[in-house]
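Coordinates in review
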Amino acid sequence: MNPGDERGLFEIPDGVVYLNCAYMSPQLRSVREVGERAVGRKSRPWEITPADFFEDSEGARALFAEIIHGDAEGVAIIPSASYGLATAAANVPVAGGEGIVVLEEQFPSNVYPWRDLAKRTGARLVTVPRPGDHDWTAAVLDGMDARCAVVAVPNCHWTDGSRLDLSRVGERAREVGAALVVDATQSLGAHPLDVSEVKPDFLVTAAYKWMLGPYSLGFMHVGEGYREGVPLEQTWLGREGSEDFASLVEYRDAYAPGARRYDVGERSNFVRLPMAMEAMRRILEWGVANVAEGLTRLTGLIEEEAVRRGMRAIPAERRVGHMIGLGLDPGAPGDLAARLAAEGVYVSVRGRSLRVSPHLYNTERDVERLFDVLARHLP
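Heads up: these notes are all about the structure in this document. (Residues numbered from 1 in each chain as written. Predicted model: local features only at pLDDT ≥ 70, side-chain atom pairs only at ≥ 80, totals over all residues. Heavy atoms only, no water.)

Points about helix H2 (residues 52–68)
Convention followed: Note on conventions: DSSP H or I runs of at least 4 residues are helices, E runs of at least 2 residues are strands, and numbering of each starts at the N terminus. Each helix should span, by expectation, one fewer than its residue count multiplied by 1.5 Å. For the exposure calls, accessible area comes from a 1.4 Å probe over protein chains only, and a residue counts as buried if that area is under 20% of its type's maximum, exposed if over 50%, partly exposed in between.
The end-to-end C-alpha separation of H2 is 25 Å, in line with the 24 Å expected for 17 residues at 1.5 Å each. Those residues of H2 that sit buried are Asp52, Phe54, Ser57, Ala60, Arg61, Leu63, Phe64, Ala65, Ile67 and Ile68. Positive phi appears at histidine 69, one or two residues downstream of H2, with a value of about 60°.

The structure is reproduced here in structure tokens:
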């Protein structure tokens, strides 16, 4: 798949170089069109039937399961990654003195629930230091021991794209009896992931980045060992037999099967779910591996040009293909991202990295433009 070939599917004006998908993806034209039609449905509520509360939910589960090579019975619909991570923290067993492994400078949503759990249980929050060689996999494996209860990590570090081998981490977690909790927000949709290989106990993602979906929607895959846990909410849709609206007052203790008990209240969002489904259909049509291949070529060009200009870059063998961090020297302007944006080039600064995250709407010319503009603002 050639980068740039799909630009027409997005609404990006000429002159805009958007290399910031890790911040928020642009919306596909088709997703916007689906959303506009979906908004109009609320004007005609008599056309929304009881079956509509379930059909799109089940369709979205199936599409997400296909992306991660999992089973739809393990998929829950959530409003955010933090909601899913809070669900995980409410269900994994942790005792005083046991370890909860996180990464240094990990995204806050996958740190705060574990800090809170450690405080309540007397567990230890084990923060793995950033490795000088960018090998997070080895660093995390070294940080796990027999007293490790939870490993809460991403597929790649959100600041620079440095990668973790989740299959190896998951294998080690099972050896020591730890739960594996993955925040895949910065990788799903652009980097292949197979839950049958990784075997996470909980995997969560927001939909508005690499999944190309709307904001305030996400998905969670729950391992078979945790599908009978305690949800954050006690929703009527999460109960067995909720399809029969006439008998809802015949209260039931049994939950709906699989991971449906973990669905957020009002999960049957008549606007966001159709938009997310359209985005997932497009990702599946492309193929995640093909997306990754195309983006790897672009970030390879970025790495090559950065090194040529004397900049530090996360090497390809240590990162995902869809994102790259370029090291910033202390003399770099604090408003660098704003300066670039003023010239129509959009990236993010995260920590001491200039984070560049292209998608299939970007071209080699966009890479040239990035470095042309950088040359005017970096010492």
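Overview of the sheet that holds strand E13 (residues 353–356)
Note the threshold: Here, strands pair whenever DSSP counts at least two bridges between them. Should any heavy atoms of two residues lie within 4.5 Å, those residues are counted as being in contact. To define axes, lines are fitted to C-alpha atoms, for helices over the stretch in contact only, and angles between the resulting N-to-C directions are given on a 0 to 180 degree scale.
Reading across the sheet, the four strands line up as E9-E10-E13-E12 and stay open at both edges, with antiparallel pairing between neighbours. One side of each edge strand has no neighbouring strand; the edge strands of this open sheet are strand E9 (312–313) and strand E12 (348–350). The pairing of strand E10 (residues 324–327) with E13 spans four bridges and is antiparallel. Within E13, the residue paired with isoleucine 324 across the bridge is valine 356. Together, E9, E10 and E13 form the strand contacts of helix H9 (residues 288–308), whose direction differs from that of E10 by roughly 10°.

Things to note about the layout of surface pockets
A probe as big as a water molecule, rolled over the atoms, marks out the empty space that is left. Quick reminder of the rule: Points on a 1 Å grid over protein atoms alone make up a cavity when a 1.4 Å probe fits among them but cannot get out, and a pocket when they form an open set with protein on both sides within 12 Å along at least five of seven lines; lining residues each have an atom within 4 Å of a point. Grid points are joined across faces, edges and corners, and a volume is the space filled by probe spheres set on the points.
Reported here for the largest pocket is a volume of approximately 370 Å³. Lining the largest pocket are 24 residues, with Phe107, Ser109, Thr185, Tyr208 and Lys209 positioned closest to its centre.

What about the sheet that holds strand E4 (residues 124–128)?
The strand order across the open sheet formed by seven strands is E2-E8-E7-E6-E5-E3-E4, and the pairing between neighbours is mixed. Whereas interior strands pair on both sides, the edge strands pair on one side only; in this sheet they are strand E2 (75–78) and E4. Taking the axes of each pair of neighbouring strands and ignoring which way they run, one obtains an average angle of 20° across the sheet. Relative to E2, H2 is tilted by about 115°, and along the sheet it contacts E2, strand E7 (202–206) and strand E8 (218–222). Taken strand by strand, helix H3 (residues 81–91) contacts E2, strand E6 (179–183), E7 and E8, and its axis lies near 165° from that of E7.

Topic: the pairing of E2
Remember that side chains alternate between the two faces of the sheet whenever the strand is regular. Judged by which residues are buried, E2 turns out to be covered on both faces: Val75 and Ile77 on one side and Ala76 and Ile78 on the other are all buried. As paired strands, E2 and E8 are joined by four bridges and run antiparallel to one another. Of the residues in E8, the one forming a bridge with isoleucine 78 is glycine 218.

Here's the deal with the pairing of E6
Among the five residues that make up E6, five are buried, leaving the element largely enclosed by the rest of the structure. Alternating residues of E6 divide into Ala179, Val181 and Asp183 and Leu180 and Val182, and every residue in both groups is buried. Where strand E5 (residues 148–154) meets E6, five bridges bridge the pair, whose relative direction is parallel. Bridged to valine 151 within E6 is leucine 180. Bridge analysis of E6 against E7 gives three bridges, and the strand direction is parallel.

What about the nonpolar core?
Heads up, the rule is: Definition of nonpolar core: a set of buried residues of the types Ala, Val, Leu, Ile, Met, Phe, Trp, Tyr and Cys, connected through side-chain atoms within 4.5 Å.
Counting 63 residues, the largest nonpolar core has Phe64, Val140, Val151 and Phe219 as its most contacted members. Among the nonpolar cores identified, the runner-up in size contains 28 residues, and Ile78, Tyr83, Val94 and Val102 belong to it.

Regarding the packing of aromatic side chains
This is how the line gets drawn: Think of it this way: a Phe, Tyr or Trp ring, Trp meaning its six-membered ring, pairs with another when their centres are within 6.5 Å, and the plane angle makes it stacked under 30 degrees, edge-to-face over 60, tilted otherwise. Here, a charge over a ring is recorded when the distance from Lys NZ or Arg CZ to the ring centre is within 6 Å and its angle to the ring normal is within 35 degrees.
Counted under the stated rule, the structure contains 13 aromatic pairs. Between phenylalanine 64 and phenylalanine 219, the aromatic rings sit 5.0 Å apart at their centres with planes inclined by 15°, giving stacked as the arrangement. Separated by 155 residues along the polypeptide, phenylalanine 64 in helix H2 and phenylalanine 219 in strand E8 bring together distant segments of the chain. Taking the relative accessible area as the measure of exposure, phenylalanine 64 reaches 0% and is therefore buried. Through successive ring pairs, a cluster of aromatic residues spans Phe53, Phe54, Trp236, Phe245 and Phe270. The ring of tyrosine 255 has arginine 239 sitting right over it, with the charged end atom 4.3 Å from the ring centre.

So, a negative patch on the surface
Condition: Only residues whose relative accessible area exceeds 30% and that form no salt bridge enter a patch; like-charged residues are grouped when within 9 Å of one another, and nonpolar side chains (Val, Leu, Ile, Met, Phe, Trp, Tyr) when within 5 Å. In this description, accessible areas are obtained by the Shrake-Rupley approach with a 1.4 Å probe, and a residue is regarded as covered only by the protein chains that are shown. Should a side-chain nitrogen of Lys or Arg be within 4 Å of a carboxyl oxygen of Asp or Glu, the pair is scored as a salt bridge. Only four residue types enter the tally: Lys and Arg on the positive side, Asp and Glu on the negative side; His and the chain ends are excluded. To locate a charge, take atom NZ for lysine, CZ for arginine, CG for aspartate or CD for glutamate.
A cluster of acidic residues, Glu240, Glu243, Asp244 and Glu250, forms a negative patch at the surface. For aspartate 244, the location among the structural elements is in the loop between E8 and helix H8 (272–286).

With respect to the packing of H9 against helix H11 (residues 364–375)
Short version of the rule: Working definition: roughly parallel below 35 degrees, roughly antiparallel above 145 degrees, roughly perpendicular at 65 to 115 degrees, and oblique for all remaining angles. Should the near helix be turned anticlockwise from the far one by less than a right angle, the crossing is left-handed, and should it be turned clockwise, the crossing is right-handed.
Where H9 meets H11, the axes come as close as 10 Å, and the angle between the chain directions of the two elements is 30°. Put simply, H9 runs roughly parallel to H11. Judged by the twist between their axes, the crossing of H9 over H11 is right-handed. On the side of H9, the interface is formed by Leu298, Leu301, Ile302, Glu305 and Ala306, while H11 contributes Glu364, Val367 and Phe371.

What about the packing of H3 against helix H4 (residues 112–121)?
For clarity, the threshold we go by: Throughout, the ten residues Ala, Val, Leu, Ile, Met, Phe, Trp, Tyr, Cys and Pro are labelled nonpolar, Asp, Glu, Lys and Arg are labelled charged, and all others, Gly among them, are labelled polar.
Contact pair H3 / H4: the axes reach a minimum separation of 9 Å and the direction vectors enclose 25°. Classified by the angle between their axes, H3 and H4 sit roughly parallel to one another. Like other packed secondary-structure pairs, H3 and H4 cross with a definite hand, here right-handed. For the pair H3 and H4, contact is made by Leu85, Ala88 and Ala89 and by Pro113, Trp114 and Leu117, respectively. The residue makeup of the contact of H3 with H4, split by class, is six nonpolar, no polar and no charged.

Examining the pattern of salt bridges
Using the criterion set out here, one finds 27 salt bridges in the structure. Linking glutamate 73 and arginine 260 is a salt bridge whose minimum nitrogen-to-oxygen distance equals 2.9 Å. Pair noted here: glutamate 73 is in the loop between H2 and E2 and arginine 260 is in the loop between E8 and H8, with a separation of 187 residues, a long-range link. The class for glutamate 73 is partly exposed, based on a relative accessible area of 33%. The buried category is assigned to arginine 260, whose relative accessible area is 10%. Through salt bridges with shared partners, a single network forms among Glu58, Arg61, Glu73, Arg260, Asp263 and Arg267.

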